[in-house]
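Listed below, chain by chain, are the residues.
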Amino acid sequence: MELAQVPLFRDLAPEDLEALERAAQRRLLGKGEVLFLEGEPVRALFVVKRGLIKVYKLDPEGRKQVVLHVEGPGRVLAEVALFLERPTYPASAEALEESEVLAIPKERFFQLLEVRPQLARSLIRYLARRQERLLHLLDRLVFHEVRERLCEFLLERLAEEGQGFRLPTNSELAALLGTVPEAVSRNLGELYRRGLIRLAGRRVEVPDPEALRALIR
C-alpha cells in the first residue's frame, strides 16, 4: 500500500508524495498492541498500510469498550484530531491483527497543507465522506434490522479488502452494529447456513455479493 493509493493523497504531485514518504515513520503493531490512547497529544496522522485497526472509547470506569470504527489498508486515522482546539486523541486505537502503519508527523502535514491547495481540497472531500458515513451509520442504526446492518458491513469490507477479509470478533462487530454479540452470532450463522458467506476462522468470503445485497431493504 503506497501513499499514492490512499484516497486522501491521490491528487498530490509525485514530489509531494515523496516528501511525505520520507517524513513518514513505519510502525509495526502486534495483535492487541495500542497505536494511541485517548487523551494523548496528537503528534501524527496515521495511514494503515496492512492489517486492521479498531478505534474505540472506554466508559468512565474503563471497563466497557465501544468500537467506533475499524480501518484497513489505505484508510487514515486521526485526521480530525489534528484540527481539534485541544489536539489530543478523542479515542484510542489498537491493532486487531498484525498491522503496519505509516505515521506522518503533523508538522510536516500542516506544512504541505499550507502550500498545496489540492491536498486541502482532498482533505475536505475525505472529511465530507467520513461525515456521510457517520450519517449513514446513524440511519442504519435507527431504521435497519441487525441482519441488514450486518450484510451492509460485510459488503463494505468486501469492497475495501476483497475476498477473504478479516471479520472483527462478535463483540467488536456488535459494538459497530449497535447490537449484542448473540445477535451477531445468530445472523452470521444464518448467512453461513444459507451459503451466502463462507467462513474460515475469522476470514470471510462472499460467493454472490448480489444475493447478500438483496437482503438489504
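In this text, all values refer to a predicted model and were calculated from it rather than measured experimentally. One numbering rule holds for all chains: residues counted from 1, following each sequence as written. Under the rules for a predicted model, residues below a pLDDT of 70 receive no local features and side-chain atom pairs below 80 are neither given nor counted, while totals for whole chains, interfaces and linings still include all residues. Only hydrogens and water are set aside; all other atoms, that is, all heavy atoms of the structure, feed into the side-chain values.

## Points about the packing of helix 4 (residues 146-161) against helix 6 (residues 181-193)
And then number 1: At a minimum axis distance of 10 Å, the contact between helix 4 and helix 6 shows a crossing angle of 70°. By the angle between their directions, the pair helix 4 and helix 6 is classed as roughly perpendicular. You can see that helix 4 and helix 6 cross each other, and the crossing is right-handed. Of the residues in helix 6, those touching helix 4 at Val 146, Arg 147, Leu 150, Cys 151 and Leu 154 are Ala 183, Val 184, Asn 187, Leu 188, Glu 190 and Leu 191.
And then number 2: In the contact of helix 4 with helix 6, the residues fall into 8 nonpolar, 1 polar and 2 charged. Axis definition: a line fitted to C-alpha atoms, over the contacting stretch in the case of helices. Angles run 0 to 180 degrees between N-to-C directions. Labels follow the DSSP assignment, with helices taken as runs of H or I lasting at least four residues and strands as runs of E lasting at least two, numbered in each case from the N terminus. An angle below 35 degrees is treated as roughly parallel, one above 145 as roughly antiparallel, one from 65 to 115 as roughly perpendicular, and anything else as oblique. Working rule for handedness: look at the near helix, and if it is turned counterclockwise from the far one by less than a right angle, call the crossing left-handed; if clockwise, right-handed. Here, residues are in contact when the closest pair of their heavy atoms is within 4.5 Å. Under the scheme applied, nonpolar residues are Ala, Val, Leu, Ile, Met, Phe, Trp, Tyr, Cys and Pro; charged residues are Asp, Glu, Lys and Arg; polar residues are all the others, including Gly.

## As for the sheet that holds strand 2 (residues 34-36)
And then number 1: Pairing between strands requires that DSSP locate at least two bridges from one strand to the other. Strand order in the open sheet formed by 4 strands is 2-7-4-5, and the pairing between neighbours is antiparallel. Strand pairing shows two members of the sheet lacking a second neighbour, strand 2 and strand 5 (65-71), which therefore form its edges. The sheet shows a mean angle of 30° between the axes of neighbouring strands, taken without regard to direction.
And then number 2: As judged from the 2 bridges shared by strand 2 and strand 7 (residues 92-95), these two strands associate in the antiparallel manner. Within the sheet, the bridge partner assigned to Phe 36 lies in strand 7 and is Ala 93.
And then number 3: Of the strands in this sheet, strand 4 (53-58) and strand 5 touch helix 5 (residues 170-177), which is tilted by about 90° from strand 5.

## Things to note about the packing of aromatic side chains
And then number 1: Pairs were defined over the aromatic rings of Phe, Tyr and Trp, the Trp ring being its six-membered one, requiring ring centres within 6.5 Å. Orientation was assigned from the angle between planes: stacked under 30 degrees, edge-to-face over 60, tilted for the rest. Under the definition given, this model contains 5 aromatic pairs.
And then number 2: When the centroid spacing of 5.7 Å and the interplanar angle of 25° are considered together, the rings of Phe 36 and Phe 46 count as stacked. A residue pair is termed long-range when its members are at least 10 positions apart, and Phe 36 in strand 2 and Phe 46 in strand 3 (residues 44-50) qualify at 10 residues. Exposure class is identical for Phe 36 and Phe 46. Each is buried. Note on exposure labels: buried denotes an accessible area under 20% of the residue type's maximum, exposed denotes more than 50%, and partly exposed covers the range between, all computed with a 1.4 Å probe on protein chains only.

## Remarks on the nonpolar core
General note: in soluble globular proteins, nonpolar side chains tend to be found buried as a group.
And then number 1: As used in this record, nonpolar core signifies buried Ala, Val, Leu, Ile, Met, Phe, Trp, Tyr and Cys residues forming a set joined through side-chain atoms within 4.5 Å. Phe 9, Phe 46 and Phe 109 are the most contacted members of the largest nonpolar core, which has 38 residues in total.
And then number 2: It is strand 3 that provides the largest number of residues to this core, a total of 5 residues.
And then number 3: Those residues in contact with Phe 9, other than ones at most four positions away along the chain, are Leu 3, Leu 17, Leu 20, Leu 45, Val 47, Ile 104, Phe 109 and Leu 119.
And then number 4: Counting 25 residues, the second-largest nonpolar core is a separate cluster that includes Phe 153, Val 204, Val 206 and Leu 212.

## A word on the domain arrangement of the chain
Where interface size is quoted, it is often the accessible area lost as the parts come together.
And then number 1: All the domain ranges listed were derived from an automatic or database domain assignment. One can read the domain layout of the chain as domain 1 (1-114) and domain 2 (135-212).
And then number 2: Centre-to-centre, using C-alpha coordinates, domain 1 lies 25 Å away from domain 2.
And then number 3: Listed by partner, the interface residues are 12 residues for domain 1 and 9 residues for domain 2.
And then number 4: Accessible area that two parts lose when put together, with a 1.4 Å probe and added across both, is what the buried area reports. Carbon and sulfur atoms supply 52% of the area buried between domain 1 and domain 2, which totals about 900 Å² over both sides.
And then number 5: What counts as a salt bridge is simple: a side-chain nitrogen of Lys or Arg found within 4 Å of a carboxyl oxygen of Asp or Glu. Here domain 1 and domain 2 share 4 salt bridges between them.
And then number 6: Residues Arg 166 and Glu 97 are paired through a salt bridge, measuring 3.1 Å at the closest nitrogen-oxygen approach.

## Side note on the environment of Gln 163
And then number 1: Here Gln 163 is to be found in the loop between helix 4 and strand 9 (165-166).
And then number 2: Owing to a relative accessible area of 45%, Gln 163 belongs among the partly exposed residues under this scheme.
And then number 3: When the C-alpha atoms of Gln 163 and Val 206 are compared, they prove to be 6.8 Å apart, with 43 residues separating the residues in sequence.
And then number 4: In this view, Gln 163 contacts Leu 158, Val 204, Glu 205 and Val 206; residues no more than four positions away in its chain are not counted.

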